[in-house]
Amino acid sequence: MQDLHELFRRAADEAAGFRSSLGTRPVQAPVDQARAKELLDVPLPDAPRDPAEVVDHLVSAATPGLMSTPGPRYFGFVVGGALPAASAADLLAVGWDQCAFNGSLSPAAAAAEEVAGGWLKELLGLPETAGVGFVTGAQGANTVGLTSARHHLMRQAGWDVERRGLNGAPAMRVLAGAERHATIDRSLRLLGLGSDCLEEVAVNDEGAIDTADLARVLADGPTGPEHPTVVCLQAGNVNTGAVDDLRAATELAHAEAAWVHVDGAFGLWAAASPALRHLVDGVELADSWGCDGHKWLNVPYDSGFAFCSRPEVQTAAMSYTASYLTGSGASPGAADFTAESSRRARGFAVWAALQELGRDGVADLVDRTCALARRFAAALSDAGLEIVNDVVLNQVLVGFGEDDARTDEILARIQQDGTCWMGGTTWRGRRLMRIAVSNHLTTEADVDASVEAVLRAARHTG
Ligand SMILES: *Cc1c(COP(=O)(O)O)cnc(C)c1O
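In this text the structure is predicted, and so the values were computed from the model without any measurement. (Residues numbered from 1 in each chain as written. Predicted model: local features only at pLDDT ≥ 70, side-chain atom pairs only at ≥ 80, totals over all residues. Heavy atoms only, no water.)

## Considerations on the packing of helix H4 (residues 84–96) against helix H12 (residues 347–382)
Reasoning step 1: Between H4 and H12, the shortest axis-to-axis distance is 8 Å and the interhelical angle comes to 155°. For the element pair H4 / H12, the angle class is roughly antiparallel. The handedness of the crossing between H4 and H12 comes out as right-handed. On H12, the residues touching Pro84, Ala85, Ala86, Ala89, Asp90, Ala93 and Trp96 of H4 are Phe348, Ala349, Ala352, Ala353 and Glu356. (Axes fitted to C-alpha atoms, helices over the stretch in contact; angles between N-to-C directions. Helix = DSSP H or I, 4+ residues; strand = E, 2+ residues; numbered from the N terminus. Parallel < 35°, antiparallel > 145°, perpendicular 65-115°, else oblique. Left-handed = near helix turned anticlockwise from the far one by under 90°. Contact = heavy atoms within 4.5 Å.)

In structure tokens:
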């Protein structure tokens, strides 16, 4: 047992040491995947090895390939940096090794999801009575939301989709904005609906759904209870941060008996800020929602939430039974709200993150990162660069002119420089730099140093 104490302490010290180095370490990992593989690609031993020696070996082999994604100057994709208490809670979740399947396997893990799930609904402005499943991320949440939609709509149309599948089923209509997240398409593929079932709705200049076009597309096909129809909305366009007009779009959809799913991976967090809440006005009217913990809430990977206004629909769509499970805890159990069976205990880290921040801290995290995004936009614009989007949330799109190859060269130079890390995107046919500010650690000084690095890279690229 003494060995285990030492081993865990060693691992925790190593992790904390890495995290303490994030302010000064180059953001880009020193080695690429091929080199990282060489370091890890040792022979599989025949005989067992000493655990402490294995951990030391892993630390030395993996460290060069670690990105400073949890650090204050990583602005790629939409990646949060895990909060201290949330990180420690996840270390405990691993150490406790609890299975969050249901309250019989782990009363505490299931209860943490219940309690933290309640807090999440309150902060995100969702109905108190909604069901919550703790999933891997917004991809998982979108799949749960769309599966719940399929169950509910098919039942209304007189079809038992869980039993009969989609062969011979009423045709399902799925409407979504042209700039929906690609995970919506994958969820539709997994559900057997196929991405071809999508009826694309036009978006406005910022990539939010055009409600007039939504009304047109809805009216273009059959609607009503016999024609299962889902409308996928988005809170937080992954390029621009734009949020759909949730109230207007949901009212249109509901008038046609359609189900509304909101993909709010990061943008749903606008609801937690009194200053930004107006952006998600009407969010509570929808039928299902997907959101991430590992993005803007700064919970360690992986962490996402699938909410459904009708918990009984969510569990009817997702749960299963087996003889050995009857009588093994409260029903429905935590996993009945997800597409997984055995699950790691994600509730502890979310519980800890929300206790660490409090209501005001969550609002401050959202407001502060949005202010830092505006600081980026102002400084880069003052320096003569083009800010392509309306910076309504934490996303900034930056143009370096019309030469896509030059934009990619600048991006590569920024990433190699190591001060900060920004990714690229192709938006409306043009290569741009994407900045997402999602980390509680980021300061004005981090933004200023990163602006300098960007301008330096642009100056040095012909
Ligand atoms: C990030 C994102 C997703 C996918 O989320 P994961 O956490 O990677 O599964 C889906 N939708 C939107 C809008 C996103 O920003």
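## Here we look at the nonpolar core
Reasoning step 1: Core analysis: the biggest nonpolar cluster contains 63 residues, and Leu120, Val262, Trp269, Trp289, Leu297, Phe307 and Val350 have the highest contact counts within it.
Reasoning step 2: No other element matches H12, which puts 11 residues into this core.
Reasoning step 3: Among residues more than four places away in sequence, those in contact with Val262 are Leu233, Ala235, Leu246, Leu268, Ala286, Ser288, Trp289 and Gly290.
Reasoning step 4: Core analysis: the next-biggest nonpolar cluster, separate from the first, contains 26 residues, Phe75, Phe400, Ile410 and Ala457 among them. (Core = buried A, V, L, I, M, F, W, Y, C linked by side-chain atoms within 4.5 Å. Buried < 20%, exposed > 50% of the residue type's maximum accessible area, 1.4 Å probe, protein only.)

## Concerning the sheet that holds strand S2 (residues 173–177)
Reasoning step 1: Spatial strand order, S1-S7-S6-S5-S4-S2-S3: seven strands in an open sheet with mixed pairing. Of all the strands in the sheet, just strand S1 (131–135) and strand S3 (198–201) have a single pairing partner and so form its edges. If you compare each strand with its neighbour and ignore which way they point, the axes differ by 20° on average.
Reasoning step 2: Note: strand S6 (residues 288–292) against strand S7 (residues 304–308), five bridges, orientation antiparallel. Note that in S7 the partner of Gly290 across the bridge is Ala306. (Pairing = 2+ DSSP bridges.)

## Section: the UniProt feature "modified residue: N6-(pyridoxal phosphate)lysine" (unreviewed entry) in the chain
Reasoning step 1: UniProt's entry tags Lys295 with the feature "modified residue: N6-(pyridoxal phosphate)lysine" (unreviewed entry), counted in the numbering of this structure.
Reasoning step 2: Along the chain, Lys295 falls in the loop between S6 and S7.
Reasoning step 3: Lys295 gets classed as buried once you look at its relative accessible area, which sits at 13%.
Reasoning step 4: Residues contacting Lys295, with those up to four places away along its chain left out, are Val78, Gly80, Ala265, Phe266 and Ser438. (UniProt positions renumbered as here; feature names shortened; annotations may be inferred.)

## A few points about the pattern of salt bridges
Reasoning step 1: Counted according to the given criterion, the structure contains 27 salt bridges.
Reasoning step 2: Between Glu444 and Arg375 there is a salt bridge; the shortest N-O distance is 3.4 Å. Pair noted here: Glu444 is in helix H14 (residues 444–459) and Arg375 is in helix H12, with a separation of 69 residues, a long-range link.
Reasoning step 3: A relative accessible area of 46% places Glu444 in the partly exposed class.
Reasoning step 4: When the shortest N-O distance is used, the salt bridge between Asp448 and Arg375 registers 2.9 Å. Placement of Asp448 in helix H14 and of Arg375 in helix H12 is noted, with a sequence separation of 73 residues between them. (Salt bridge = Lys/Arg side-chain N within 4 Å of Asp/Glu carboxyl O.)

## Quick look at unusual backbone geometry
Reasoning step 1: Here Tyr301 and Asp302 are connected by a cis peptide whose omega angle stands at -5°.
Reasoning step 2: Its identity is not glycine, yet Asn298 carries a phi of approximately 60°, on the positive side.
Reasoning step 3: Take Asn298: it is sitting in the loop between S6 and S7.
Reasoning step 4: Owing to a relative accessible area of 0%, Asn298 belongs among the buried residues under this scheme.

## Brief notes about the site of the ligand
Reasoning step 1: The full set close to the ligand counts 14 residues, and Gln139, Asp263, Asp292, His294 and Lys295 are the nearest of them.
Reasoning step 2: The backbone of Ala138 places a nitrogen or oxygen atom 3.2 Å from an oxygen atom of the ligand.
Reasoning step 3: In the model, an oxygen atom of the ligand is placed 2.8 Å from a nitrogen or oxygen of the Lys295 side chain.
Reasoning step 4: Residue composition of the shell around the ligand, grouped by class: four nonpolar, seven polar and three charged. (Near = heavy atom within 4 Å. Polar contact = N/O pair within 3.5 Å; in protein donor to acceptor, adjacent residues only side chain to side chain. Nonpolar A, V, L, I, M, F, W, Y, C, P; charged D, E, K, R; others polar.)

## Focus: the packing of aromatic side chains
Reasoning step 1: A complete count under the given rule lists nine aromatic pairs for this structure.
Reasoning step 2: Their ring planes at 20° and their centres at 5.3 Å tell us that Tyr74 and Trp421 sit as a pair that is stacked. Note that Tyr74 is positioned in the loop between helix H3 (51–62) and H4 and Trp421 in the loop between helix H13 (404–417) and strand S10 (423–427), a separation of 347 residues in sequence. The residues Tyr74 and Trp421 share a single accessibility class, namely buried.
Reasoning step 3: An angle of 50° between the planes, with centres 6.3 Å apart, marks the rings of Phe305 and Phe307 as tilted. Phe307 carries the same exposure label as Phe305, and that label is buried.
Reasoning step 4: An aromatic cluster of at least three residues, connected via ring pairs, comprises Tyr74, Phe77 and Trp421.
Reasoning step 5: Sitting over the face of the ring of Trp159, Arg164 holds its NZ or CZ atom 3.9 Å from the ring centroid. (Phe/Tyr/Trp six-rings, centres within 6.5 Å; stacked < 30°, edge-to-face > 60°. Lys NZ or Arg CZ within 6 Å of the ring centre and 35° of its normal.)

## Notes on the sheet that holds S10
Reasoning step 1: Strands sit in the order S8-S9-S11-S10 across an open sheet of four strands; the sheet is antiparallel. The sheet is open, and its two borders are formed by strand S8 (386–387) and S10, each paired with just one other strand.
Reasoning step 2: Strand direction decides the pairing type here: S8 and strand S9 (residues 395–399), joined by two bridges, are antiparallel. Paired with Glu386 across the two strands is Gly399, which belongs to S9.
Reasoning step 3: This element, H13, spans S10 and strand S11 (430–436) of the sheet and lies at about 30° to S11.

## Description of helix H10 (residues 246–255)
Reasoning step 1: Those residues of H10 not exposed but buried are Leu246, Ala249, Thr250 and Ala253. The arc enclosing the buried residues of H10, seen along the axis, measures out at 95°, which places them on a common side.
Reasoning step 2: Trailing H10 by a residue or two, Ala257 shows a phi angle of about 65°, which is positive. (Arc of directions from axis to C-beta.)

## Re helix H11 (residues 311–318)
Reasoning step 1: Within H11, burial applies to Val313, Gln314, Thr315, Ala317 and Met318.
Reasoning step 2: In this structure, the buried residues of H11 make contact with S1, helix H6 (138–156), helix H7 (161–164), strand S5 (259–263) and S7.

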